[in-house]
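Reading the structure
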Amino acid sequence: IIELFRELSDKKRSIIGLWGELFLIYTSTSVEKTLQAWHENPTDKYDFYHDNEALEVKCTTQTDRKHQFKHDQLVSNLNDHYVASIMLSEDPVKGLSVVDLYEEIKKNCKVDNLNNKLKKIFFKTVGKTPFEELNEYKYDLNFSKKNLLYFKVKGLSKLENKDESISNINYTIDLAQKKSVDNLS
């Protein structure tokens, strides 16, 4: 029974992460450029990468900005490397699901190969989860717009690992204690 709850928790965490990435694509000033920068594989180091610039997306349904990071996500020689911290608020009536965002992005993108990329990544992430189940997780778009902050990775504390035999380091950073940036530049 514990395994069932763990699977449910992992599935919801995956849906929340996908929602955040789709939210950034949908609300961006250029859906096509943002789709081009979107990672091909959910396990890629960066969620968005283009021309030596990277953006990692972190979402939370909690009331704080404590996010889990893999050590490798914060070790970077990129000057323009950011974290987008998005707070979500469930709204089963007026909220948008990952399916809603996916459909809206598809409508707004006029480039076939980018729509194919969107479809590939979307279905790779959601797997065989039925749309009815995906539509159970709806979040308030305007709340997330108001509660989106960006942080420069160089400004975040990280451990220094000098022992190559140690790997898969993970930790939690409370971004509320860090200085956000006004824009990505």
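Everything below is about the structure printed above this text.
Predicted model only: the values in this text are computed from it and were never measured. Every residue gets a number counted from 1 within its own chain, in the order that chain's sequence is written. Where totals are concerned, whole chains, interfaces and linings use all residues; where local detail is concerned, this predicted model gives features only for residues with pLDDT of at least 70, and gives and counts side-chain atom pairs only at 80 or more. Just so you know, side-chain values use all the structure's heavy atoms and leave hydrogens and water out.

Some thoughts on the overall build of the protein
- Helices and strands together make up the secondary structure of the protein, namely seven helices and six strands.
- When the backbone C-alpha atoms are referred to their principal axes, the protein occupies close to 45 × 45 × 30 Å.
- The cut-offs for exposure are 20% and 50% of the maximum accessible area for each residue type, with area from a 1.4 Å probe on protein chains only; residues under the lower value are buried, those over the upper are exposed, and the others partly exposed. Counting the 185 residues in the protein, one finds 41% classified as buried.
- Two residues form a contact once any of their heavy atoms are found within 4.5 Å. Partitioning the contacts of the protein with sequence separation of at least 6, the portion at a separation of at least 24 is 78%.
- Working note: accessible area of the protein is about 11,100 Å², and carbon and sulfur atoms make up 48% of it.
- When charges are counted, neither His nor the chain ends are considered; positive counts come from Lys and Arg and negative counts from Asp and Glu. Just so you know, the charge point we use is NZ for Lys, CZ for Arg, CG for Asp and CD for Glu. Positive and negative charge centroids in the protein, built from 28 and 29 side chains respectively, lie 2 Å apart. Secondary structure counts use DSSP, requiring at least four H or I residues in a row for a helix and at least two E residues in a row for a strand, with both numbered from the N terminus. Using a 1.4 Å probe, the Shrake-Rupley method yields the accessible areas, and only the shown protein chains count as cover for residues.

Things to note about the side chain of Ser85
- Position of Ser85 among the secondary structure elements: in strand S4 (residues 80-87).
- Residue class for Ser85 comes out buried when judged on its relative accessible area of 0%.
- A 3.5 Å cut-off defines polar contacts: any pair of N or O atoms within that distance qualifies, except that in protein one atom must be a possible hydrogen donor and the other a possible acceptor, and neighbouring residues in sequence count only when both atoms are side-chain atoms. Within the structure, the side chain of Ser85 is placed 2.7 Å from the side chain of His67, a separation counted as a polar contact.
- With residues near it in sequence (within four places) discarded, Ser85 still touches Lys58, Arg65, His67, Asn147, Leu148, Leu149, Phe151 and Leu175.

Details of unusual backbone geometry
- The backbone phi angle of Asn52 is positive, close to 65°, even though this residue is not glycine.
- Inspection of the secondary structure assignment puts Asn52 in the loop between strand S1 (48-50) and strand S2 (53-60).
- Even without being a glycine, Asn168 presents a positive backbone phi close to 55°.
- Looking at where Asn168 falls in the secondary structure, it is placed in the loop between strand S5 (148-152) and strand S6 (170-174).
- Since its relative accessible area comes to 72%, Asn168 is described here as exposed.

Details of the nonpolar core
- In plain words, nonpolar cores are sets of buried Ala, Val, Leu, Ile, Met, Phe, Trp, Tyr and Cys residues tied together by side-chain atoms within 4.5 Å. Membership of the largest hydrophobic core comes to 37 residues, with the highest contact counts inside it found for Leu22, Leu24, Leu35, Trp38, Val98 and Phe122.
- Those elements that place two or more of their residues in this core are helix H1 (2-27), helix H2 (31-37), S2, S4, helix H4 (98-108), helix H5 (112-126) and S5.
- In terms of residue count, the dominant contributor to this core is H1 (eight residues).
- In contact with Phe122, not counting residues within four places along its chain, are Leu18, Leu22, Val98, Val99, Tyr102, Phe131 and Leu134.
- Core analysis: the second largest hydrophobic core is formed by 10 residues, Leu74, Phe151, Tyr171 and Ile173 among them.

Here's the deal with the environment of Ser144
- One can find Ser144 in helix H7 (residues 141-146).
- Exposure remark for Ser144: the relative accessible area of 0% places this residue in the buried category.
- It is 6.1 Å that separates the C-alpha atoms of Ser144 and Ile86, two residues lying 58 residues apart in sequence.
- When neighbours within four sequence positions are excluded, Ser144 is seen to be in contact with Trp19, Phe23, Ile86, Met87 and Leu88.
- A distance of 3.0 Å separates a polar side-chain atom of Ser144 from the backbone oxygen of Met87.

Re the sheet that holds S1
- Pairing is mixed in the open sheet, where four strands are placed in the order S1-S2-S4-S5. Two strands lie at the open edges of the sheet, namely S1 and S5, each paired on one side alone. The average undirected angle you get between the axes of adjacent strands in this sheet is 20°. DSSP-based pairing: two strands are paired if at least 2 bridges between them are found. Every angle, taken between N-to-C directions, lies between 0 and 180 degrees, and every axis is a line fitted to C-alpha atoms, over only the stretch in contact when it is a helix.

Let's talk about the packing of aromatic side chains
- Stacked, tilted and edge-to-face are the three classes applied to pairs of Phe, Tyr and Trp rings, where Trp contributes its six-membered ring and a pair requires centres within 6.5 Å; stacked means planes under 30 degrees apart, edge-to-face means over 60, and tilted covers the rest. Counted under the stated rule, the structure contains eight aromatic pairs.
- Between the aromatic rings of Tyr46 and Tyr49, the centroid separation amounts to 5.7 Å while the plane-to-plane angle is 15°, which identifies the pairing as stacked.
- A relative accessible area of 14% means that Tyr46 is categorised as buried.
- On the basis of relative accessible area, Tyr49 is assigned to the partly exposed category, the value being 38%.
- Grouping aromatic residues by their ring pairs yields a cluster made of Tyr102, Phe122, Phe123 and Phe131.
- When the ring centre of Phe69 is taken as origin, the NZ or CZ atom of Lys58, which lies over that ring, is 4.8 Å away. Any Lys NZ or Arg CZ that is within 6 Å of a ring centre and within 35 degrees of that ring's normal is treated as a charge sitting over the ring.

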